[in-house]
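An overview of the molecular structure
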Amino acid sequence: MGMGFRGTVTDAPDFDASADSETLYNAMKGIGSDKEAILDLVTGRSNAQRQEIVQAYKSSYGKNLIDDLKYELTGKFERLIVSLMRPQAYHDAKEIHDAIKGAGTDEKCLIEVLASRNNQQIHNLVEAYKDAYGSDIEEDVTGDTSGHFKKMLVVLLQGTRDEPGVVHADLVEEDAQALFAAGEEQWGTEESIFIMLLGNRGVNHLQMVFDKYQEIAEKPIEDSIKSELSGDFERLMLAVVQCIRSVPMYFAKRLYKSMKGLGTQDNTLIRIMICRSEIDMLDIRECFRMCYEKSLYNMIKEDTSGDYKRTLLALCGGDDDLAGEFFPEAAQLAYKMWETSAMTKVQLRPTIRPASDFDPADDAQNLRKAMKGFGTDEDVIINIVANRSNEQRQEIRQAFKSILGRDLMKDLKSELSKNLERLIIGLMLTPAEFDAKMMRKAMEGAGTDEHSLIEILVTRSNGEIHAMNAAYRAGYKKSMEEAIQSDTSGRFSQILTSLVQGAREQGPADCDRALVDAQELADACNEDSDDMEIKFMSILCTRSFPHLRRVFQEFVRCSNKDIEQIIKKEMSGDVKQAMYGIVRSVKNQPSYFAERLYKAMKGMGTDDRALIRIMVSRSEVDLFNIRKEFKETHDCSLHEFIQGDTSGDYRKTLLMLCGGQD
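Worth saying up front: this structure is predicted, and the values here are computed from it rather than measured.

**Quick notes on the overall build of the protein**
If you tally the helices and strands in the protein, you get 41 helices and 0 strands. Its C-alpha atoms put the protein at 100 × 60 × 55 Å along the principal axes. In the protein, of all internal contacts separated by at least 6 residues, the share reaching a separation of at least 24 is 72%. With the model as given, the accessible surface of the protein reaches about 28,700 Å², and the carbon-plus-sulfur share is 48%.

Now the structure itself:
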């Protein structure tokens, strides 16, 4: 698969430079210009062909095409078309020149361009800069920056990184240890080690180093960089790491941030759309859709207007939401993503840990005092309940009964109300009782909350499901399976029934069987929807998570499609949601919960039940990881979201469960 096939703009067949130059000449002559003809032609040719058009225009008309375009067009549209006409290296050179020559330095532009270009692109940029501005890019950049930031930019400008395939197998561990020692292990970070290694080692080598680093530090290198470095240097090093991991993913995130939020950062949008249109725009689109559940095409469409919009959309290519089409190019990326998901040993971290020097009798007495007489001292209740582990809370429940002869749950229910009551009671129940209650709540009353049923059943282990079943029977005098079957129907009911057995296989992936499973899923995609659903269910509801990671990875290879996209495109309703939930959990469970939390709080009104359910049930499991995923995806911390979306003692308790501000 050559690099050239990953873009959206390619050489036009039957290309005739002088005919094109005549079309452009005619589009600009007379009063006003035919902007549509200009944008259609320019986006329909590759950069190399555009250079021939510039030449032909000069030969035929004795004029400079770029000057004429500048004269005829205006605004962002002009900037975009003119930038498309420049050779890529000259466009990069102009971006860097503008970034340092204007009033104040545009560090973000320096970071984006220099962190993301390969050696050849850097060498071309250095030459183009010298040719266009008669000065040395390194001198200009160093004259305008300082400190470690400057040093790393100089290293990147050398374009001497090892080529991507070069791996020094004997140095992987050593490099990872060196980075760890330079950052996490000592007072004052040894920045020069970061600069030397991240600036010179090859991409594949560093990817292995990052995996090793994660093993040693028990966190990704990005987290260390965020805590160890600061300012522009930190931003530059993060960009370098992101580009080592995946350049298209880096650009997808930059594009999203350029359009999300206040006003559009048009410079960034133009720069990325132009420079990636012939390299990896298809991958960027896929990454974009993977991360943001909407297509790049639609985001541009909503965010821009006029001829400027039409040109950007032409560079973007297709709308991935419409056709749900798949690019084989993205398959490799999806494959790698599943591989990473299979390899990453995510260390799950809670936000609530057992209290030291814990005295259940003491806590019981204090809770009683807080509820006795007039008024309730909520602070005391919150501080005790939110700062104990669930096991400790069970001891408090017992002590309350043993010492005072009272039922703590009844007392709490009579003293507290609304969301605070639901949250505190949720924390006091055992995990199994709480899950059973949440299942019950999702099914009682008029409508069924299918999302909750799915979220609970796809994310719990067999043991947790068995405990939940027992608690359900004890609490509600019928089996959870009966409840599900009387409340749901059809294939969706079958899927939930399968999950509620708690009989998912355990253990690692079986590679040979994973190939067979993947092929069966791929074949099922060509059958009618009924057969397809049955086949998907038989595999997705029964195999172990590590095994499914392998199956989904091989599925990419068998079908050139990503399992998530197939489910979205081929299935519908609750069945789609259930299958999607399983895939998301298999891929990255904390990220699945982060997405559910985001949906619970964004938009009109808050889904407090979902918020309480996740904060309570994950606080002693992986809420720390969920927080990190939330921040990564939404550029805003879970803490900020809860802060803005809730109030009073309810908010205070949720924030205690949340832990940090990130």
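Alright, that's what it looks like, and here's the rest.
**Some thoughts on the environment of Ala-509**
Residue position: Ala-509 is located in the loop between helix H32 (490-500) and helix H33 (511-524). Since its relative accessible area comes to 29%, Ala-509 is described here as partly exposed. Expressed as a C-alpha distance, the spacing of Ala-509 and Phe-545, which sit 36 residues apart in the sequence, is 8.2 Å. Not counting chain neighbours up to four residues away, the residues in contact with Ala-509 comprise Pro-546, His-547 and Arg-550.

**Observations concerning helix H39 (residues 623-634)**
Residue pairs spaced three or four apart in an α-helix point in one direction, given the helix's 3.6 residues per turn. A rise of 1.5 Å per residue sets the reference length of H39, with its 12 residues, at 16 Å; its end C-alpha atoms lie 16 Å apart and thus fit the reference within 8%. Of all the residues in H39, the buried ones are Leu-623, Phe-624, Asn-625, Ile-626, Arg-627, Phe-630 and His-634. Buried positions along H39 lie against helix H37 (573-601), helix H38 (608-618), helix H40 (638-645) and helix H41 (648-658).

**Some details on the nonpolar core**
Judged by nonpolar contacts, the single largest core of 101 residues is most densely connected at Met-439, Phe-536, Leu-540, Phe-552 and Met-615. Residue contributions to this core peak at 12 residues, all from H37. For Leu-540, the residues in contact, after removing those within four places along its chain, are Arg-504, Leu-521, Leu-548, Phe-552, Ile-567, Met-579, Ile-582 and Val-583. Met-28, Val-42, Leu-65 and Ile-66 belong to the second-largest nonpolar core, a separate cluster that totals 96 residues.

The rules behind these values
Position labels on residues start from 1 in each chain and follow its written sequence. This being a predicted model, a pLDDT of at least 70 is required before a residue's local features are given, and a value of 80 or more before pairs of side-chain atoms are given or counted; all residues contribute to the totals for chains, interfaces and linings. Think of the side-chain values as coming from all heavy atoms in the structure, minus any hydrogens and water. Each helix is a run of DSSP H or I of at least 4 residues and each strand a run of E of at least 2, with the numbering of both proceeding from the N terminus. Should any heavy atoms of two residues lie within 4.5 Å, those residues are counted as being in contact. Using the Shrake-Rupley algorithm and a 1.4 Å probe, accessible areas are obtained, with residue cover drawn only from the displayed protein chains. Partly exposed describes any residue whose relative accessible area lies between the buried limit of under 20% and the exposed limit of over 50%, with all areas from a 1.4 Å probe on protein chains only and scaled to the type maximum. Working rule for helices: expected span equals 1.5 Å times residues minus one. The term nonpolar core refers to a set of buried residues drawn from Ala, Val, Leu, Ile, Met, Phe, Trp, Tyr and Cys, joined through side-chain atoms within 4.5 Å.

Geometric descriptors of this kind do not, in isolation, establish any biological role.
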